[in-house]
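Residues per chain are reported as follows:
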Amino acid sequence: MNSQTPLLEVRNLSRHFGAVKALENCSLVVHPGEVVALAGDNGAGKTTMIKAISGVYAPTSGEILIEGKPVSFSSPQDAREKGIETIYQDLALADNLTIGGNIFLGREPMRKAFGFLPVIDRKAMAEAARQTMALLDFHVKRLDAPVSNFSGGQRQAVAIGRAVYWNARILIMDEPTAALGVPEQRKVVALIKSLKAQGRGVVFISHNLQDIFAVSDRIVVLRRGIVAGERNINETTHDEVVKLMIGG
Amino acid sequence: MNSQTPLLEVRNLSRHFGAVKALENCSLVVHPGEVVALAGDNGAGKTTMIKAISGVYAPTSGEILIEGKPVSFSSPQDAREKGIETIYQDLALADNLTIGGNIFLGREPMRKAFGFLPVIDRKAMAEAARQTMALLDFHVKRLDAPVSNFSGGQRQAVAIGRAVYWNARILIMDEPTAALGVPEQRKVVALIKSLKAQGRGVVFISHNLQDIFAVSDRIVVLRRGIVAGERNINETTHDEVVKLMIGG
Amino acid sequence: MTSTVDEPPKVDPHIAPQADHADQTQTLIGHIAQLRAWLFLGALIIIFEIWSRLSFGGTFVLSPFNWQSIAIFAVAPLLLAIGQTFVIISGGIDLSMGFIMGLAAVVAAHMTNLAGLYMPLPFAMLFGILVAVLVATIPGMINGLLISRLKVPPFIGTLGMFGVARGTAFLLAGGTTVPVKNEYFAMLGNGRILGIPYLVLVTAVFVLVMHYILSQTRFGQHNYAIGANAQAARRAGIDIKGHILKLYVLSSVCAGLGGALYAARFTAGAAQAGEPLLLDCVAAVVIGGASLFGGSGSILGTVAGALVIAVIQYGLVFLDVEPFWQFIAVGVVIIISVLIDQAQRRFSGAKQDE
Amino acid sequence: MTSTVDEPPKVDPHIAPQADHADQTQTLIGHIAQLRAWLFLGALIIIFEIWSRLSFGGTFVLSPFNWQSIAIFAVAPLLLAIGQTFVIISGGIDLSMGFIMGLAAVVAAHMTNLAGLYMPLPFAMLFGILVAVLVATIPGMINGLLISRLKVPPFIGTLGMFGVARGTAFLLAGGTTVPVKNEYFAMLGNGRILGIPYLVLVTAVFVLVMHYILSQTRFGQHNYAIGANAQAARRAGIDIKGHILKLYVLSSVCAGLGGALYAARFTAGAAQAGEPLLLDCVAAVVIGGASLFGGSGSILGTVAGALVIAVIQYGLVFLDVEPFWQFIAVGVVIIISVLIDQAQRRFSGAKQDE
Amino acid sequence: QDKTFTIALVPGLTTDAFYITMRKGAEAAAKAVGAELVFQGAPDFNPVTQVPVLDAIIAKKPDAILIAPTDKDQLIQPLKKAHDAGIPVITVDTFIGDGIYQTGAGDAEFPLSYIASDNVLGGAIAARALAKAVGEKGKVYVSNVKPGISTTDQREQGFKDEMAANHPGIEVLESQFNDNDANKAASQLQAVFARNSDLVGVFGANLFSALGAANGVQQAGQTGNIKVVAFDAPTSIVDNINSGLVDVAIAQHPAEIGYFGVMSAYAHLTGNSIPTAIGTGFTIIDKANVADPDVAKYIYSD
Ligand SMILES: Nc1ncnc2c1ncn2[C@@H]1O[C@H](COP(=O)(O)OP(=O)(O)OP(=O)(O)O)[C@@H](O)[C@H]1O
Ligand SMILES: Nc1ncnc2c1ncn2[C@@H]1O[C@H](COP(=O)(O)OP(=O)(O)OP(=O)(O)O)[C@@H](O)[C@H]1O
Ligand SMILES: [Mg+2]
Ligand SMILES: [Mg+2]
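Residues numbered from 1 in each chain as written. Chains lettered and ligands numbered in written order. Predicted model: local features only at pLDDT ≥ 70, side-chain atom pairs only at ≥ 80, totals over all residues. Heavy atoms only, no water.

**Here we look at the overall build of chain C**
So, point 1. Summing up its helical and strand segments, chain C has 13 helices and four strands in all.
So, point 2. For chain C, with 354 residues in total, the buried portion stands at 70%.
So, point 3. Considering only contacts within chain C whose residues lie at least 6 apart along the sequence, 79% involve residues at least 24 apart.
So, point 4. As presented, chain C carries roughly 10700 Å² of accessible surface, and 74% of it is formed by carbon and sulfur atoms. (Helix = DSSP H or I, 4+ residues; strand = E, 2+ residues; numbered from the N terminus. Buried < 20%, exposed > 50% of the residue type's maximum accessible area, 1.4 Å probe, protein only. Contact = heavy atoms within 4.5 Å. Areas by Shrake-Rupley, 256 points an atom, 1.4 Å probe, with all protein chains shown as cover.)

**Some details on the overall build of chain A**
So, point 1. Secondary structure summary: chain A contains eight helices and 12 strands in total.
So, point 2. Over its C-alpha atoms, taken along the principal directions, chain A stretches across nearly 65 × 40 × 35 Å.
So, point 3. Within the span of chain A, comprising 248 residues, buried residues form 60% of the whole.
So, point 4. Roughly 9300 Å² of accessible area belongs to chain A as shown, and the carbon and sulfur atoms make up 49% of that amount.
So, point 5. Charged side chains of chain A number 29 positive and 25 negative; the gap between the two group centres comes to 4 Å. (Lys, Arg positive; Asp, Glu negative; His and termini not counted. Charge placed at Lys NZ, Arg CZ, Asp CG, Glu CD.)

**A word on the pairing of strand β9 (residues 170–174) of chain A**
Along any regular strand the residues' side chains alternate between the sheet's two faces.
Residue and element names in this part refer to chain A.
So, point 1. Counting buried positions along β9 yields five of five residues, so the element is predominantly enclosed.
So, point 2. A two-sided burial pattern is seen for β9, the buried positions comprising Ile170, Ile172 and Asp174 on one face and Leu171 and Met173 on the other.
So, point 3. Where strand β6 (residues 84–87) meets β9, four bridges bridge the pair, whose relative direction is parallel. Residue pairing across strands places Ile87 opposite Met173, the latter belonging to β9.
So, point 4. Note that β9 and strand β10 (residues 201–205) share five bridges and pair parallel. (Pairing = 2+ DSSP bridges.)

**Focus on the environment of C:Leu188**
All names here are of chain C.
So, point 1. Tracing the chain through its elements places Leu188 in helix α6 (residues 183–190).
So, point 2. Taking the relative accessible area as the measure of exposure, Leu188 reaches 16% and is therefore buried.
So, point 3. Sequence-distant contacts of Leu188, that is, excluding residues within four places in its chain, are made with Met125, Ile129, Tyr198, Leu199, Val202, Leu261 and Ala264.

**Let's talk about the site of ligand 1**
So, point 1. Around ligand 1 sit 24 residues in total, of which A:Lys46, A:Thr47, A:Thr48, B:Ser151 and B:Gly153 are the nearest.
So, point 2. One nitrogen or oxygen atom from the main chain of A:Gly45 is found 2.9 Å from an oxygen atom belonging to ligand 1.
So, point 3. The contact in question runs from an oxygen atom of ligand 1 to an N or O atom on the side chain of A:Thr48, over 2.5 Å.
So, point 4. Look at ligand 1: alone it shows 640 Å² of surface, and the protein chains cover 94% of it.
So, point 5. Of all the elements in the fold, those that place two or more residues in the shell around ligand 1 are α1 (46–53) of chain A together with α5 (152–165) of chain B.
So, point 6. Taken together, the residues that form the shell around ligand 1 break down as seven nonpolar, 12 polar and five charged. (Near = heavy atom within 4 Å. Polar contact = N/O pair within 3.5 Å; in protein donor to acceptor, adjacent residues only side chain to side chain. Nonpolar A, V, L, I, M, F, W, Y, C, P; charged D, E, K, R; others polar.)

**With respect to the packing of helix α4 (residues 119–133) of chain E against helix α5 (residues 150–166) of chain E**
Residue and element names in this part refer to chain E.
So, point 1. Where α4 meets α5, the closest approach of the two axes is 6 Å, and the angle between their N-to-C directions is 45 degrees. Here α4 lies oblique to α5, going by the angle between them. Helix-helix and strand crossings are classified by hand; for α4 and α5 the assignment is right-handed. Contacts between α4 and α5 involve Asn119, Val120, Gly123, Ala124, Ala126, Ala127, Arg128, Leu130 and Ala131 on the former and, on the latter, Thr151, Gln154, Arg155, Gly158, Phe159, Glu162 and Met163. (Axes fitted to C-alpha atoms, helices over the stretch in contact; angles between N-to-C directions. Parallel < 35°, antiparallel > 145°, perpendicular 65-115°, else oblique. Left-handed = near helix turned anticlockwise from the far one by under 90°.)

**A closer look at the site of ligand 2**
So, point 1. With respect to spatial proximity, 24 residues lie near ligand 2, and among them A:Gly153, B:Gly43, B:Lys46, B:Thr47 and B:Thr48 are the closest.
So, point 2. One finds residues of chains A, B and D in close proximity to ligand 2.
So, point 3. Here an oxygen atom of ligand 2 and a side-chain polar atom of B:Thr47 are 2.5 Å apart.
So, point 4. In this structure, an oxygen atom belonging to ligand 2 sits 2.5 Å away from a side-chain N or O atom of B:Thr48.
So, point 5. In isolation ligand 2 exposes 630 Å². Once the protein is present, 94% of that is buried.
So, point 6. The set of elements that each furnish at least two residues to the shell around ligand 2 consists of α5 (152–165) of chain A together with α1 (46–53) of chain B.
So, point 7. Residues of the shell around ligand 2, tallied by class, amount to seven nonpolar, 12 polar and five charged.

**Let's talk about the packing of helix α2 (residues 64–89) of chain D against helix α7 (residues 198–216) of chain D**
Residue and element names in this part refer to chain D.
So, point 1. At a closest axis distance of 10 Å, the pairing of α2 and α7 adopts a crossing angle of 15 degrees. Overall, the two elements α2 and α7 adopt an arrangement that is roughly parallel. Once α2 is placed against α7, the crossing between them reads as left-handed. Of the residues in α7, those in contact with Ala71, Ile72, Val75, Leu78, Leu79, Ile82, Thr85, Phe86 and Ile89 of α2 are Leu199, Val200, Thr203, Phe206, Val207, Met210, Ile213 and Leu214.
So, point 2. Considering only residue class, the contact of α2 with α7 consists of 15 nonpolar, two polar and no charged.

**Description of the confidence of the model for chain C**
Residue and element names in this part refer to chain C.
So, point 1. For chain C, mean pLDDT is 85; residues scoring 70 or higher make up 86% of the total.
So, point 2. Low pLDDT, under 50, characterises residues 348–354; the predicted model gives this stretch 26 contacts beyond four residues in sequence or across chains.
So, point 3. Confidence metrics for the complex model read pTM 0.87 and ipTM 0.86. (pLDDT = per-residue confidence, 0-100.)

**Let's talk about the sheet that holds strand β2 (residues 20–30) of chain A**
All names here are of chain A.
So, point 1. One open sheet holds the four strands; their spatial order is β2-β1-β4-β5, and the pairing between them is antiparallel. Each edge of the sheet is formed by a strand with only one pairing partner; in this case those strands are β2 and β5 (69–71). Across this sheet, the average inter-strand angle for adjacent strands is 30 degrees, counted without regard to direction.
So, point 2. The pairing of strand β4 (residues 61–66) with β5 spans three bridges and is classified as antiparallel. Bridge pairing in β5 links Ile66 to Lys69.
So, point 3. Sitting on the sheet, α1 touches β1 (8–17), β2 and β4, and the angle it makes with β1 is about 115 degrees.

**Description of the packing of aromatic side chains**
So, point 1. Applying the stated rule across the entire model yields 45 aromatic pairs over all chains.
So, point 2. Centroid distance A:Phe17 to A:Tyr57: 5.1 Å. Interplanar angle 75 degrees. Geometry classified as edge-to-face. Here the residue A:Phe17 occupies a position in strand β1, and A:Tyr57 occupies one in the loop between α1 and β4, the gap between them amounting to 40 residues. There is no split in this pair, since A:Phe17 and A:Tyr57 are both buried.
So, point 3. A network of ring pairs unites the aromatic residues C:Phe48, C:Trp51, C:Phe56, C:Phe60, C:Trp67, C:Tyr314 and C:Phe318 as a single cluster.
So, point 4. Note that C:Arg166 overlies the ring of D:Phe327, its terminal NZ or CZ placed 4.3 Å from the centroid.
So, point 5. Over the face of the ring belonging to D:Phe56 we find E:Lys60, whose NZ or CZ atom lies 4.3 Å from the ring centre. (Phe/Tyr/Trp six-rings, centres within 6.5 Å; stacked < 30°, edge-to-face > 60°. Lys NZ or Arg CZ within 6 Å of the ring centre and 35° of its normal.)

Okay, here's the thing in structure tokens:
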């Protein structure tokens, strides 16, 4: 941890679903150039936490600060405008659109047809899609096929590609490598490292302790909706983390 | 490999989607008490292969034999009747049903109300659900909530629970641990070992080489729709497998 | 709106999670959601009662005559709505039910008359009803085959059958109404026992059987599963093609019974008997808590939905609302019936944001 | 059938994958699928031509009069279907369009007459049309607010508006038709240039604009995304509430224009103008390749769908098929139009099994 | 003459016993004069669906068109097309403009003839019959299909005007629209009765309105107390009159209309002049005369 203003700060966040307390008084800090891993057993509240940060769920209580300023997102749009890009565990692709269509969804590039008529620039979208996917070592040919045609891992890559493309200041990744092949997993790990080097903040959720230890600076462990512990990565071990998760 | 009749044999299976050759002349053998890992990069054809085995896709060409007898499944129902249970990568749960409803989907237990009227035995379903989930270390209370209420990993556990409950002779698992927490991952690995000890056959797809090496007897590597290689697990290494995958 | 077998996963917004660590609360909230249409019906009746007393000093709700009238009124739309409930839960829709009902009404009239020449009238009546319901299953079967085998979307398949059943019914009726000459049939349609019309009794029994099928049998359970995720249902080994075939036959049986009872009540079969009921019957199902995306709905909800519609339409006449204003009032009430659902959902803490 | 914002992911069966390693083939097959409704239309015309020559030795297709009539016939259902296309792609449905059209027709008639007292007739006509379209947006706006803010399912929200618009239109019309006294208005409705009716020209321009909006603008792109997966669209930062509001306003503008043109053509406004068009306009959209689950469809497909319906209905009269048999024939043709789609899909190697 | 004339008959809607009977009369006449009859219409009583049918008929250039226009204003332009193409137009059952043709004034006087039993008059006759049946006092109302259908609107109009003008003892309540649903019509009768226990009569402005209202009376246990006057007389009406469900039926003479329509067209085509209006009258059917063959012949569709 360092002393500059954190990029992202979450203070005492709670989120309940009816009587289910999915998240209770959880806090989290991410500094520029820092990768924070969010770990925890299934149902611990990781996804709920990042959905609250990215504006999908309104928090039941608690505060979120971006660069020291409190924000209140009423929709994911607000969060994206503040430079937060999110890869969701349940993907959230529009299956009938192309890769490019998904990457640019909500921010489609326009060009002028006949010199005056604004139309969506599908060529630019396809080209950007090709490049972004190549960055992840996916070399896709079928740029005009809807993403429903692609395999589980290929779709995951599209979601990652979308988040990466937009050069967010804060990247939130909910189990991004879960469906990926071994080489692609490595590529994503490398990518996170380069984002870190660029001074961006990353929140990284994974069940793969190896990946966590490979990229993170710090690890926050949730257990049944509360923060069970927080450790600098070079001061802890796999075993300690697992113990925190299951509450040994 | 041993010399008894294999539980499952796949001979020269091909499956095309229009011009996409997702699978081309692939073969696979599983003996009783054997765990065969199916590995390969994203889009290699793993899911396509197991969907062909479990009756979801009709093969374009090729043969499938169960205990030496050729079979031809026109639907997943046929495959289930031959003792094949499958955990799909894309889960396939009915989100509006309870855990019990999903486990028993298509084979609901009945009881007689008022001594004569056959009705679905929801109590028995809930109890079986509780037990099955406990087997995976999930202790669910909300047995009458639809599964859409549960977290990613919890849903994955329901899918695994369903396949396990039915005591299949052949179990096919498409990335079963991808969404699971560390303790649950270990539980699934232990489970696969016990299935093996009971003489069942398991086909196990994973991108996690550690898990593969922990449970499998043999590994079949696919690359772009063809079998790139097949190794006994104790005669190979992580590096060799990765090389096979990416075609080094 | 399709229940062809290659339906992909989808989650219905109406079964928004209402999770709870305590099982008790969970169940309670679940039941309240089911009861919503009934609550609205109650509210509607109370409002009508107050209005009635204020406007002309009489009672609306305490008059058995009103309830007999409303019950009889609800019979035909309810029978169609029951069939439609099954179809809609599966993610489909049946537009042809109205004209299948008309076809059955015409067949029931012809057959009862014909059989009356050869057998005692009570048997002729039963024969007529039986044949009408059987004939109704033919279009149902064709719908089912089109949708399950040939993967025609339900909207289109049943819209086609809408035309086919319509034409056939008018041809059979010669374009006019077919009077029935059978006093027993007329009695079935208009008699009552202990003040309860026979029609209402028959319908009540039928509704109970359908409630049992939907909520307590495998067929019902599979119907929900198919509506939520046909792919998952197929992979679980459910014979979706067979199921869908049965489903549309079931809905046409409901329409067939509706047609036969229509002929009994009006002592005449008419091809256009069910034509005006299409929107009403779908609305009853949706007001009863079903989603047109499939996966949710219940017979008890649909009964409430059908009663809501019957009570509004009857009540507005009773309260002497101007005809054109009735159109507006019915529209507004239909919207409000669902707004209450939304408010209740928010209140009960279901997820709102996504 | 809802496009409220908490819609979960779903994949439409109509965009069944048609994958291909070679980009070329992929694109080609994609286009053929788009063309399907047009191919069917062609086949239909050929059959009618042969039938016409065999049965009475005259031509069906070579008569400009027939095409003028069919084009004029298709105008009203097409305008509704264009709006419905947008709504259906988003996963919704608009049942109120027919009566919004009626409302607009009545308003157009009244306003043109009224304005005629104060300004030159051509301006009065434009004023009348403008006010009609503006008034039509009010129910559209209410639909949009109900569906986007209050999360009323589109079927229910627009069914309610169906009643409200109907009642309002009849109240405004005083229960009868409102004749228009404005020769320019009549000319717009019945005149032609180079043999092409003005109505058809206006509609063609409107269709082109709508095609542009759906296929080339962000609004259109987002509409597809919302229909496929509203959740994903929301997470991508699309303002779904705003979009849905615009969407239902757009569909009511289509209905409003339809109503104004109706008044021009018949030189009278009538509240019931659009009443018989509801099923036809949805059918046109679905025949044009859209799925009622949302996420797919196109304006060009809908144009073909509307023409298919107009050609069948006109053609069967032209070929002197008995009226009741026409019902049957229309039904059968509607089913076949989609069966061809299925056959083509199978042939092109799309996934069939799941 | 050895040319076979083709005469088209376009009804208000095809699915109505009234028009089907009209067709039978027309066919009888066509047979008699050796003409060919084409019968084509739309399923709804609405210009938007009727006009395309008319266009398709015009395309085939029949020698004459008989049509029941679905609106008096809205069908003027579409019919003008036929007139401009040189096809003689005769309107049956309903009219365009004011129904006064061949005056040389206005733009809706081009049809050759209007052959019908005037619906306004029919409504008035129904009013008289109902007033008489209920003894000239009490509350009555009109059970109607839906607004915007000119024939039924005119019947309602005629009924109300007659009551207002000549039957001061009778109070006419608000009309009710049933969307051609007998079930709804029955329920409406019960609701009106529940509210007005002194309801003494109802006028069903078309078949299903009457059928439904009659059943509502029966369901309410008021058979005989609430008089039912039905417009139109399909075969089922005989039973209803005999069983006392319906007290009076006003039969139009659709077969006559069809017959005179074709005969007039034929006369015109063969160079004779024809009257610009032919009234076909009504028959009032009740229990006393229903068995009379002179009356029974006006029951539709035989
Ligand atoms: N929409 C919802 N409605 C009700 N309960 C919910 C909802 N979403 C999550 N929950 C519950 O909240 C708790 C936390 O869920 P969450 O998805 O945040 O877990 P997670 O840590 O992401 O788990 P996983 O590793 O399995 O993805 C779980 O008990 C879950 O069942
Ligand atoms: N329904 C389909 N239609 C068209 N192409 C498909 C379809 N399903 C899969 N494919 C294509 O077939 C190939 C193999 O896909 P498959 O899903 O079997 O891969 P996989 O090995 O399971 O990958 P992953 O590890 O990412 O799950 C991919 O190129 C994919 O795009
Ligand atoms: Mg999660
Ligand atoms: Mg896969």
